[in-house]
Each structure stands twice: as structure tokens, then as C-alpha cells.
Amino acid sequence: MNNSTKPAATTPQITIDSATDVINMTTTFRDTIIGGNAHTTSTNGENSVLIGDATGLVVFDHVDLVTAGAYLLSAPYVLGGTGVAPTETGVVNLDPNFKQINDATLSTFVDVQESGLATASSTASPLKGAGDFTPILAANAWNMYQ
Amino acid sequence: MLHRVSLALALAGITAAAGAQTVTVNSGGGADHTTITAALAAVVANPTTPDIINITGVGPYNESFVIDSSVSIVGFGVRPTIITPGVAGDSVTSLNGRGIAVTTHTATPGAISVRLENMNIIPANATVTRGIYSNNNTAGATADEMDIELVDVLVTGNNGSGVPVTTDGLNSFDYSSTPGSFTFTDDLLFFAGLVDVTMTRTIASNGKGALSPDGLVFNPDTPHALTVNEGCRFTYMNRLGIQVAADGTTLRMNGTAANPILILGNDLNSTNPAFGIWHDNEGTASNDYVLSYVYVLNNANAGISTAFVDAGQGSPAVTADHLVIANNGDVGIGILADALHLGSSLTPPS
């Protein structure tokens, strides 16, 4: 085999070769924020976490499945076919109140401002990615004295 | 023009045991050579491994080349720009049109290890297809392994004046607003053959050519490993940020809190299916599949689409931590084993 070419340019969708295909692994998401595009409707799982036919298991361990705010999911997750409901530990559904996620050149990129995420990670520290955690409430309180 | 570099068969497997051979390149003179091509030819003429080519001038270096022996090419105290016209003259290994090609050699088989460090790679014209490309030489040593490492490498478009259209991959460049600017026409990084790839702080950005380019395609012939380390960015492509299509791939994405991996803004305004990360992997139980400190934001379709299929193959466990996934067109994450949700139902947001 020589894979010097890639799948057709306009059809990268996954091709499944039989009806017996299954997911047979465990997928664990930990200390992760999964938001959407603010579309509130869901058809066939758009704007959500989509779990297809599965014998494996999805684990959400201290994950924010966002169901409020500017980047909400239409549903935390959607099961397709024989998809199995995930195991959830420490899952929250808060708007992370990102400072902004559109300009990666700024230091505020993907900063989390939601105070409710202050201890939401698996180590009881702020649930965030690699950005800063600057709760809005704290900032407002500080601003009162300026 | 096709330039080939090879080492003697007897030395093919030797690494640190032999003394390093270092040559220098500066297009402005004052070094051993004025072109990288000439330096590659020189280290072949005096076969010693490992070979190191230190580039001491910023260039530009208007050349394409094929690497088929172990060598490190390093921007040494400077960050040179290679303006590549595309390889020509290859008839068997799909190298034509690639900017920099890595392949195994027909006559001198043996595993090779190639390192590119601290450089910019941009196209010299609007017909160059891929920035960095690998494939085994199908006419010769097809069973040889390639190990490729990229450190602080930027692959992006040409602003028309021989300058990269971005330096950090954090902005989308509008080619239509800058007359004379152009992009690679296809995937910026494409790895086929028997190849393991490791990259650190490497950026593939603003590939907006006609062939629906992806930032990174990892498509080895047999199960191999892709390791994406801190600071890598795959941004503003016409299609996918990363495509991992080969079965059995070991994938490690090791971002850090200080320097996460960014997969941003791929195909926001097109009807192309454009995922941040697209996995299609029929794996084995021994595969690592790890994602840590990865941002997947503002991509046109799914943030991450993962399919692990075929019962009985023992697909790997997947662990993901400190991801932020948001504002992708349709699905935040698709964990799928059927085609139900990956067809026409995935369309960009209006």
C-alpha cells in the first residue's frame, strides 16, 4: 500500500464498511471544556457531543458541557444508533464566560471568567484550558474601588 | 531540478557513533556553501553520520530538494526562509511539486532520520503543492523507515514579496487583498510511507489553495506514530486542521499549559467539510491515543471527529485532558462508528 494520496478532497467523511462496526474503546475527557456554536436546535446531533454506535464507553471526568451563553451546545450529548450514555463525574453545564476566543493574538484568548468553575477541575483547581482564570465577579469587585 | 542525497549502505544504521559532519550555508557568502542543495551534496560526498547543515544566513534560499539520507538542517542563530519552487524530475515517488521531500533511496537502503529546525518554508509560485512531504521510494527501498522531526518550522503562504503571510499562525491572511500573494495549493504537511513524525512549535497556517488543503495529513502505509508537541498550530486552512487517516496510528498531542496546541479557524466560510481534527483509525490495543492541552476553536464543521471502528481490532483507549472545544460549526465532538451523522447533516452554520 502506498498512501501518497488522501481521501477525496471534498468528502472527508468517514466511510464505515459494515453494519457491525462498533466503537470498542473507552474515551475519557478530563478537565475539558466542550462548548458549541450557540445554535439551540439539534438535528442528528449537530452542535453537541455526538456518540454513535458503541460498545465502548465515553467518560466525562470534570468536564464543562456548556449549555448556556454564547457558545452553548444544543444538548450536552446526543446518542446515535446504539450509542451508550457516558459516565459522568464532576460534570457541570456552565457558560465559561470566555473573555474572547476570536483573536488568538491577544493575551485574553480563551481566558475563563466563570467563577463557578473555580474549583471544578479534577484537582479542585479552576477548570480551564491553558489560559488564565479571572472570574468576572472578582474583577467587578476590584473595579468598585477604582 | 531534482537533487538527491544518499549515504553509503555501510553507514546507514550508524548514528552517534560516527563523528558529526557539520557544514554551513549562507546565501550571502562566508560559509561552506551558498545553497542548501550544495550542502546536501557535500555531506553525501563525505559520508559521515550524523550530518548537520547549519544555515547561518537568513537567505532567502530559492530551492527545492529531496532528502534521502540522515541529516539535520538547522537555522543556526538565524531564521532562514526557503522559497521553494517545487521538486521536479521524480517519476516514481510522487515527489514532483513538493517543496521539501523526504524519501528513502533507491540504491542505498537503510532507515533515515531527518530533522528540520528553525526555518520558514513558503512557495515560490502558485503551483507548488505541499510544503513538506514524505513517501517511500516505490522503485527501491520501500521497506525502509523514515523518522522526521520538525522543530520551530513555519509552513505558510507567500505574500508575493518572498515573505511569509504570517509569522505566528494566529491571523487569517486574505490572499485576494494582497495582489501577487499565493499559497501552497494542497496540504502543507503530508506524511506517507513508513514514517514516524514528531513536531514541536511547528506551524502550518493559511493554506487556502484549490486542492482543499489540510494543515497536517498523517497517512503512513502501516501503523506508525505521530507526536505533536507544545506550541504547534494548524490554522486557517481550506479544509481540515489535522487529518489522521491511517489505521493503527499512535497519536500523541502533548500541548502544555504554557504552550497549548492550537487548531483554529479552519474553513470558516466554505462549504467544505472542515473538522479541526479528523481521526479515522482502526487501531490496536497498544496504540497510545492522547490529547493534552489542545484548543479546537472556530472550525467550520466538527471540532473533533473520531471514528474507531471494527469490532475485534482492540481499538485503543483515548485520553484527553485540558481541551477547550468551542464555536465549531456543527459538532463539538463526534465519537462515531456509523455514517449516520457524518454525511450531509454536517453543514457549516449560516
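Residues numbered from 1 in each chain as written. Chains lettered and ligands numbered in written order. Predicted model: local features only at pLDDT ≥ 70, side-chain atom pairs only at ≥ 80, totals over all residues. Heavy atoms only, no water.

Asks: For this particular structure, what's the right way to read the overall build of chain B?
Replies: Counting secondary structure elements, chain B contains one helix and 25 strands. Out of the 350 residues belonging to chain B, those deemed buried represent 64%. Here the contacts in chain B between residues at least 6 apart in sequence split such that 78% fall between residues at least 24 apart. (Helix = DSSP H or I, 4+ residues; strand = E, 2+ residues; numbered from the N terminus. Buried < 20%, exposed > 50% of the residue type's maximum accessible area, 1.4 Å probe, protein only. Contact = heavy atoms within 4.5 Å.)

Asks: Looking at this structure, I do not really get helix α1 (residues 36-45) of chain B. What am I missing?
Replies: Helical geometry note: an α-helix holds 3.6 residues per turn, so side chains three or four residues apart project in the same direction. All names here are of chain B. Every buried residue of α1 is accounted for by I36, T37, A39, L40 and V43. For α1, the angular spread of the buried residues around the axis is 165°, confining them to a single face. Its buried side turned inward, α1 meets β1 (21-25), β2 (51-55), β3 (65-67), β4 (71-75) and β5 (81-84). (Arc of directions from axis to C-beta.)

Asks: Sorry if this is basic, but what is going on with the nonpolar core here?
Replies: Side chains that are nonpolar tend, in soluble globular proteins, to be buried together. Counting 67 residues, the largest nonpolar core has B:I73, B:L189, B:F191, B:M199, B:F234 and B:M253 as its most contacted members. With near-sequence residues (within four places) excluded, B:I73 lies in contact with B:I36, B:L40, B:I53, B:I55, B:F65, B:I67, B:R115, B:L116, B:E117 and B:M119. Core analysis: the second largest hydrophobic core is formed by 22 residues, A:I33, A:I101, A:A130 and B:Y295 among them. (Core = buried A, V, L, I, M, F, W, Y, C linked by side-chain atoms within 4.5 Å.)

Asks: Looking at this structure, how should I read unusual backbone geometry?
Replies: Excluding glycine, a negative phi dihedral is what most residues carry, and trans is how most peptide bonds are arranged. Residue and element names in this part refer to chain B. Across the junction of G59 and P60, the peptide omega takes the value 15°, indicating a cis bond. When you line up the elements, P60 lands in the loop between β2 and β3. The phi angle at R201 is positive, at roughly 50°, despite the residue not being glycine. Mapped onto the elements of the fold, R201 is located in the loop between β11 (195-200) and β12 (203-205). Positive phi is not limited to glycine here, since Y236 has a value of about 55°.

Asks: I'm lost on the pairing of β11(B) in this one. Help?
Replies: Residues and elements named next belong to chain B. When strand β9 (residues 146-155) meets β11, the two strands line up parallel, connected through six bridges. The residue of β11 that forms the bridge with M146 is V195. Here β11 runs beside strand β14 (residues 225-229); their pairing, made up of three bridges, is parallel. If you follow T198 over to β14, its bridge partner there is T227. (Pairing = 2+ DSSP bridges.)

Asks: I'm lost on the pattern of salt bridges in this one. Help?
Replies: Side-chain pairing between opposite charges can occur once the charged atoms of the two side chains come close. One pass over the full model with this rule turns up eight salt bridges over all chains. Among the ionic pairs, A:R30 bridges to A:D61, the shortest N-O distance being 2.8 Å. Of this pair, A:R30 sits in strand β1 (residues 26-34) while A:D61 sits in strand β3 (residues 57-65), and the two are 31 residues apart along the sequence. Looking at A:D61, the relative accessible area reads 14%, which means it is buried. The network of salt bridges with common partners includes B:R115, B:E117 and B:E149. (Salt bridge = Lys/Arg side-chain N within 4 Å of Asp/Glu carboxyl O.)

Asks: Mind showing me how you'd approach the packing of aromatic side chains here?
Replies: Each pair of aromatic rings is reported with the distance of its centres and the angle of its planes. Within the structure shown, the criterion is met by five aromatic pairs over all chains. Ring geometry for A:F109 versus B:Y295: centroids 6.0 Å apart, planes at 70°, classification edge-to-face. With A:F109 in the loop between β5 (87-89) and α1 (136-143) and B:Y295 in strand β21 (residues 294-297), this pair bridges two chains. Here A:F109 matches B:Y295 in class, with each residue buried. Between B:F173 and B:Y175, the aromatic rings sit 4.9 Å apart at their centres with planes inclined by 75°, giving edge-to-face as the arrangement. Relative accessible area serves as the criterion here: at 15%, B:F173 is assigned to the buried category. With relative accessibility at 13%, the residue B:Y175 sits in the buried group. Note that B:R98 overlies the ring of B:Y133, its terminal NZ or CZ placed 4.2 Å from the centroid. Over the ring of B:F190 we find B:R130, and its NZ or CZ is 3.9 Å from the ring centre. (Phe/Tyr/Trp six-rings, centres within 6.5 Å; stacked < 30°, edge-to-face > 60°. Lys NZ or Arg CZ within 6 Å of the ring centre and 35° of its normal.)

Asks: Even after reading the chapter, I still don't get the environment of B:N229, so can you show me in this structure?
Replies: Residues and elements named next belong to chain B. For N229, the position within the fold is in strand β14. Measuring from C-alpha to C-alpha, the distance between N229 and T200 comes to 4.7 Å, with 29 residues separating the pair along the chain. Those residues in contact with N229 that sit more than four places away from it in its chain are T198, M199, T200, N254 and I261. In terms of polar contacts, N229 uses its side chain to reach the side chain of T200, at 3.2 Å. (Polar contact = N/O pair within 3.5 Å; in protein donor to acceptor, adjacent residues only side chain to side chain.)

Asks: Can you walk me through the side chain of B:T166 in this structure?
Replies: All names here are of chain B. With respect to the secondary-structure elements, T166 resides in the loop between β9 and β10 (189-193). Here the side chain of T166 touches D168 through a polar contact of 3.3 Å, landing on its backbone nitrogen. If near-sequence neighbours (up to four positions away) are discounted, T166 is found in contact with L154, T156, S205 and N206.

Asks: How do you make sense of the confidence of the model for chain B when you look at a structure like this?
Replies: Low-confidence regions, as indicated by low pLDDT, have predicted coordinates that should not be scrutinised in detail. Residues and elements named next belong to chain B. Looking at chain B, the pLDDT average stands at 81 and 75% of residues meet or exceed 70. Contacts of residues 1-18 to residues separated by more than four positions or lying in other chains number 50 contacts, the stretch itself having pLDDT below 50. Overall, residues 308-314 carries pLDDT values under 50, and its contacts beyond four positions in sequence, including any with other chains, amount to 37 contacts. Interface predicted TM-score (ipTM) for the complex: 0.85; the corresponding pTM is 0.87. (pLDDT = per-residue confidence, 0-100.)

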